[in-house]
Amino acid sequence: MEFLRRRFLCWRNGLESEFSSAKKLFEKACHSVTQYFWVCGCERFEPNFTRWNVRFVFLMVNICVFMAGFVKAYMYSHDTIYELLQYNLKRFEKSKRMPEIHHSLIDTASLCTASVKLIGPCYASMGALTILISIVISLYYGRFELPFGFYLPGLDRATWIGYLLNLAFHILQVFEAVTGLLAADMCFFNLMINAIGQLDVMIIYLKKLGVAANADKYEETLAETKLNELLSELIENHCEHRKYLTKMESLMKAGFFINNGCLIAETVTSLFVILTSDEIWIPGILIAVACTFQLIIPCFMGSLLSIKNDELIREIYNTPWNELPIPAQKALGMLLQFAQNPVTLSDGFAPIDLDSFLEIYKKIYSYLAMIQNIN
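Residues numbered from 1 in each chain as written. Predicted model: local features only at pLDDT ≥ 70, side-chain atom pairs only at ≥ 80, totals over all residues. Heavy atoms only, no water.

Student: Explain the packing of helix H2 (residues 22-40) against helix H5 (residues 79-92) to me, please; I cannot follow it from the model alone.
Tutor: Helix-helix packing is described using two parameters, namely the angle between the two axes and the distance between the axes. Direction vectors running N to C along H2 and H5 enclose 155°, while the axes themselves pass 9 Å from each other. Between H2 and H5, the angle falls in the class roughly antiparallel. Crossing angle aside, the handedness with which H2 passes H5 is right-handed. Each of Ala-22, Lys-23, Phe-26, Glu-27 and Cys-30 in H2 lies in contact with H5, whose residues at this interface are Leu-85, Asn-88, Leu-89 and Phe-92. In terms of residue class, the contact of H2 with H5 is made up of 6 nonpolar, 1 polar and 2 charged. (Axes fitted to C-alpha atoms, helices over the stretch in contact; angles between N-to-C directions. Helix = DSSP H or I, 4+ residues; strand = E, 2+ residues; numbered from the N terminus. Parallel < 35°, antiparallel > 145°, perpendicular 65-115°, else oblique. Left-handed = near helix turned anticlockwise from the far one by under 90°. Contact = heavy atoms within 4.5 Å. Nonpolar A, V, L, I, M, F, W, Y, C, P; charged D, E, K, R; others polar.)

Student: How do you make sense of the nonpolar core when you look at a structure like this?
Tutor: Taken as a class, soluble globular proteins show a tendency for nonpolar side chains to be buried jointly. One finds Tyr-76, Phe-188, Met-248, Met-252 and Leu-332 to be the most contacted residues of the largest nonpolar core, which totals 91 residues. The leading source of residues in this core is helix H7 (residues 160-213), at 24 residues. Ignoring sequence-local partners within four residues, the contact set of Tyr-76 consists of Phe-37, Cys-42, Arg-44, Ile-81, Ala-184, Cys-187, Phe-188 and Met-252. (Core = buried A, V, L, I, M, F, W, Y, C linked by side-chain atoms within 4.5 Å. Buried < 20%, exposed > 50% of the residue type's maximum accessible area, 1.4 Å probe, protein only.)

Student: Help me understand the pattern of salt bridges in this model?
Tutor: Pairing is possible between side chains that carry opposite charge, provided their charged atoms lie close to one another. Tallied over the entire structure, the rule returns 9 salt bridges. The partner of Lys-308 in a salt bridge is Asp-200, and the shortest N-O contact between them spans 2.9 Å. Here the residue Lys-308 occupies a position in helix H9 (residues 282-318), and Asp-200 occupies one in helix H7, the gap between them amounting to 108 residues. (Salt bridge = Lys/Arg side-chain N within 4 Å of Asp/Glu carboxyl O.)

Student: Please clarify how the layout of surface pockets should be interpreted in this entry.
Tutor: It is the rolling of a water-molecule-sized probe over the atoms that shows where space remains empty. By volume, the second largest pocket is sized at about 730 Å³. Lining of the second largest pocket is provided by 25 residues; of these, Leu-111, Phe-189, Ile-193, Phe-300 and Leu-304 occupy positions nearest its centre. Elements with a minimum of two residues in the lining of the second largest pocket: helix H6 (99-141), H7 and H9. Tallied by class, the residues present in the lining of the second largest pocket amount to 17 nonpolar, 4 polar and 4 charged. (1 Å grid on protein atoms, 1.4 Å probe; cavity = no way out; pocket = protein on both sides within 12 Å on 5 of 7 lines; lining within 4 Å. Points joined across faces, edges and corners; volume = space filled by probe spheres on them.)

Student: Help me understand the side chain of Ser-115 in this model?
Tutor: Secondary-structure assignment places Ser-115 in helix H6. Judged by its relative accessible area of 7%, Ser-115 falls in the buried class. When residues no more than four places from it in sequence are discounted, the contact partners of Ser-115 are Gly-120, Met-186, Phe-189 and Ile-193.

Student: Mind showing me how you'd approach empty space enclosed by the protein here?
Tutor: Taken as a whole and judged by the stated rule, the model has 2 cavities of 30 Å³ or more. In this structure, the largest cavity encloses a volume near 80 Å³. Around the largest cavity sit Lys-72, Met-75, Tyr-76, Asp-185, Phe-188, Phe-256, Asn-259, Gln-294 and Pro-298, which together line it. At the level of secondary structure, the elements contributing two or more residues to the lining of the largest cavity comprise helix H4 (67-76), H7, helix H8 (220-276) and H9. Split by residue class, the lining of the largest cavity holds 5 nonpolar, 2 polar and 2 charged. When its volume is computed, the second largest cavity comes out at roughly 30 Å³.

Student: When you look at the confidence of the model for the protein chain in this model, what are you seeing that I'm missing?
Tutor: Keep in mind that low pLDDT regions are not for reading the predicted coordinates in detail. Per-chain confidence: the protein chain averages 81 in pLDDT, with 90% of residues scoring 70 or above. Here helix H3 (residues 54-63) stands out as the least confident element of the protein chain, with mean pLDDT 61; H5 is the most confident, with 89. (pLDDT = per-residue confidence, 0-100.)

Student: Can you walk me through the packing of aromatic side chains in this structure?
Tutor: Two aromatic rings are characterised by how far apart their centres lie and by the angle between their planes. All chains considered together, the criterion is met by 7 aromatic pairs. A ring pair is formed by Tyr-87 and Tyr-244, whose centres lie 5.7 Å apart and whose planes are at 45°; its orientation type is tilted. One end of the pair, Tyr-87, is in helix H5; the other, Tyr-244, is in helix H8, and 157 residues separate them in sequence. Across the pair, exposure class does not vary: Tyr-87 and Tyr-244 are buried alike. Centre to centre, the rings of Trp-160 and Tyr-163 are 6.3 Å apart; their planes meet at 80°, and the pair counts as edge-to-face. Of this pair, Trp-160 and Tyr-163 both sit in helix H7, 3 residues apart, which is roughly one turn of the helix. Assessed through its relative accessible area of 4%, Tyr-163 is described here as buried. Against the face of Phe-92 rests Arg-91, its NZ or CZ located 5.6 Å from the ring centre. (Phe/Tyr/Trp six-rings, centres within 6.5 Å; stacked < 30°, edge-to-face > 60°. Lys NZ or Arg CZ within 6 Å of the ring centre and 35° of its normal.)

In structure tokens, the structure reads:
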């Protein structure tokens, strides 16, 4: 982990020297997300986006039978996504009078860029492997094998023309599915990393607040002015943070519920076929891995957000309360109360975190065992 941390710091410092501001670095990460979204016609980060474009309509027609895909397409093409992006961009435009805040914004933009560079190759490799394995099996065993087994009616897959046309359709499905899921997950990473970055900025404000509270007596008037200013900005940032998460939660709550249900069904089905089939169904293994990845990403980010919020609470406790004026103590007490009852992403029944991920996999195991017993 120490090696990875040093490598990240080295890479991040290189980005800071390359880009004149954190906003430009963040805009570059957003542009990369938009490029992936373009394939599906869902470039919601663009101001003139409309759902009535050929690529997006084709996507809707193509996946209308898959509820999870429909829900993701609805969520990540919603106007709320653009509103959240605009809020994040405004955050990067704020004054750099505190070097610590500037470094925090650089870290946030760097992590957004890193998510694009790391997640992209993983999804691309999985999609390419799905197609490549079916081609290798077809050549090795001398039979026409399609990635997902199904074939288009009216086309004889036992002939080269029929097989190639079916394979082309499968490749199109894999390409669109991979780029669509990739874009949606990178967008989610982008939004969650910024939510965590907002908490980082508040922690910086609290540390500055502690310094202002411990100022020398001859600087008392100046310190009190600075203290009130810091406290006002801190509370404003926390209100904006809660509003930001509330928008995300209201948009994604139903989506998480439907998406998780579909992913559980796909995982259970794939694992059942893998366990009962006489042959190794490699595409099924890849589907199970992809579904697991889809389940763990939001849960992992939800846990990171919770950990950062706990860090904020600890920093509030560490603030020298006895050095603050009574009005400031009351304001800080109110902030503590809100921080102890944070807005969390949920599926309507439980928070989205790693504990939920473990519960989901317990359900997957239970359903799989039940189906096997029935069989």
